[in-house]
Amino acid sequence: MKKSTLIRLFIAVLLLGATPMVSASNLSKADKSIAANQKSTSSLEILFKNAISQYPGDINLFDNPTLKQRMIRLLGKQRYEIFIKYFEVQTPVEYFRGAYSTFACQAHNCGFTEFEVLYFPYEDNLCIRYRVEDVESIFMEKETYVTWPNKNT
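Everything numeric here is computed off the predicted structure, so don't read it as measured data. (Residues numbered from 1 in each chain as written. Predicted model: local features only at pLDDT ≥ 70, side-chain atom pairs only at ≥ 80, totals over all residues. Heavy atoms only, no water.)

Attention now goes to the pattern of salt bridges. Using the criterion set out here, one finds nine salt bridges in the structure. A salt bridge links Arg 131 to Asp 134, with the shortest nitrogen-to-oxygen separation between them at 2.8 Å. Under the relative-accessibility criterion, Arg 131 is labelled buried at 19%. With relative accessibility at 39%, the residue Asp 134 sits in the partly exposed group. Taking the shortest distance from any N to any O, the salt bridge between Glu 136 and Arg 131 comes out at 3.3 Å. (Salt bridge = Lys/Arg side-chain N within 4 Å of Asp/Glu carboxyl O. Buried < 20%, exposed > 50% of the residue type's maximum accessible area, 1.4 Å probe, protein only.)

Given 3.6 residues per helical turn, the α-helix brings residues three or four places apart onto the same face. Within helix H3 (residues 65–75), the full set of buried residues consists of Leu 67, Arg 70, Met 71, Leu 74 and Leu 75. Taken around the axis of H3, the buried residues stretch over an arc of 115°, which confines them to a single face. Looking at H3, the residues exposed on the side facing more than 90 degrees away from the buried face are Pro 65 and Arg 73. One side-chain oxygen at the N-terminal end of H3 lies 3.0 Å from the backbone nitrogen of Thr 66; it belongs to Asn 64. (Helix = DSSP H or I, 4+ residues; strand = E, 2+ residues; numbered from the N terminus. Arc of directions from axis to C-beta. Polar contact = N/O pair within 3.5 Å; in protein donor to acceptor, adjacent residues only side chain to side chain.)

Let us look at the pairing of strand S4 (residues 114–120). Within S4, seven of the seven residues are buried, leaving the element largely enclosed by the surrounding structure. Covered by surrounding structure in S4 are Glu 114, Glu 116, Leu 118 and Phe 120 together with Phe 115, Val 117 and Tyr 119, the residues of both alternating faces. The sheet contact formed by S4 and strand S5 (residues 125–132) spans seven bridges and is antiparallel. Its bridge partner being in S5, Phe 120 is matched across the sheet by Asn 125. Between S4 and S5, which pair antiparallel in sequence order, lie four residues; one of them, Asp 124, sits at a positive phi of approximately 50°. (Pairing = 2+ DSSP bridges.)

Our next topic: the nonpolar core. Ranked by internal contacts, the top residues of the largest apolar core, which has 23 residues, are Phe 48, Phe 62, Leu 67 and Phe 83. When residues of this core are traced back to their parent elements, those giving at least two are helix H2 (29–51), H3, helix H4 (77–86), strand S3 (99–105), S4 and S5. Excluding its chain neighbours within four sequence positions, the residues that come into contact with Phe 83 are Phe 62, Met 71, Leu 75, Phe 115, Val 117, Ile 128 and Tyr 130. If you look at the next biggest cluster of nonpolar residues, it comprises five residues, including Ala 99, Leu 118, Phe 120 and Cys 127. (Core = buried A, V, L, I, M, F, W, Y, C linked by side-chain atoms within 4.5 Å. Contact = heavy atoms within 4.5 Å.)

On to the packing of H3 against H4, then. Direction vectors running N to C along H3 and H4 enclose 120°, while the axes themselves pass 7 Å from each other. Our classification of the angle between H3 and H4 gives oblique. Crossing geometry of H3 relative to H4 is assigned as right-handed. Of the residues in H4, those touching H3 at Lys 68, Met 71, Ile 72 and Leu 75 are Lys 77, Arg 79, Tyr 80 and Phe 83. (Axes fitted to C-alpha atoms, helices over the stretch in contact; angles between N-to-C directions. Parallel < 35°, antiparallel > 145°, perpendicular 65-115°, else oblique. Left-handed = near helix turned anticlockwise from the far one by under 90°.)

And the structure:
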């Protein structure tokens, strides 16, 4: 194709607001990854939004394949299994200050073994406060400053 034809085509696209045809085979690996992440983001946000005011155990929240996969990637398989085993005394899912959250602890051991899950939909950032036998760790998908919602202020 001649250079002048390409220029005319480019100008036509700009003036008409048309978008060039893009097929899945033309996408780079990075573009496919971004598209897949956007899909999981929207499905994760919908999952948490639909879970508001419900207990995670009642709706099998952590059995959702997308959430489960991301939690295993974040925590590792062994920590995830401990999380599931001791996520017993639960709070309902809430939305507060830009984050979906839920909390649970091990029955008869609250304060020493407890977990808090936060999901920030605008940043697509899943965060977990993981405390087992009074040893606490914070896991975040994105290493950004995360403000844990404090309902008392």
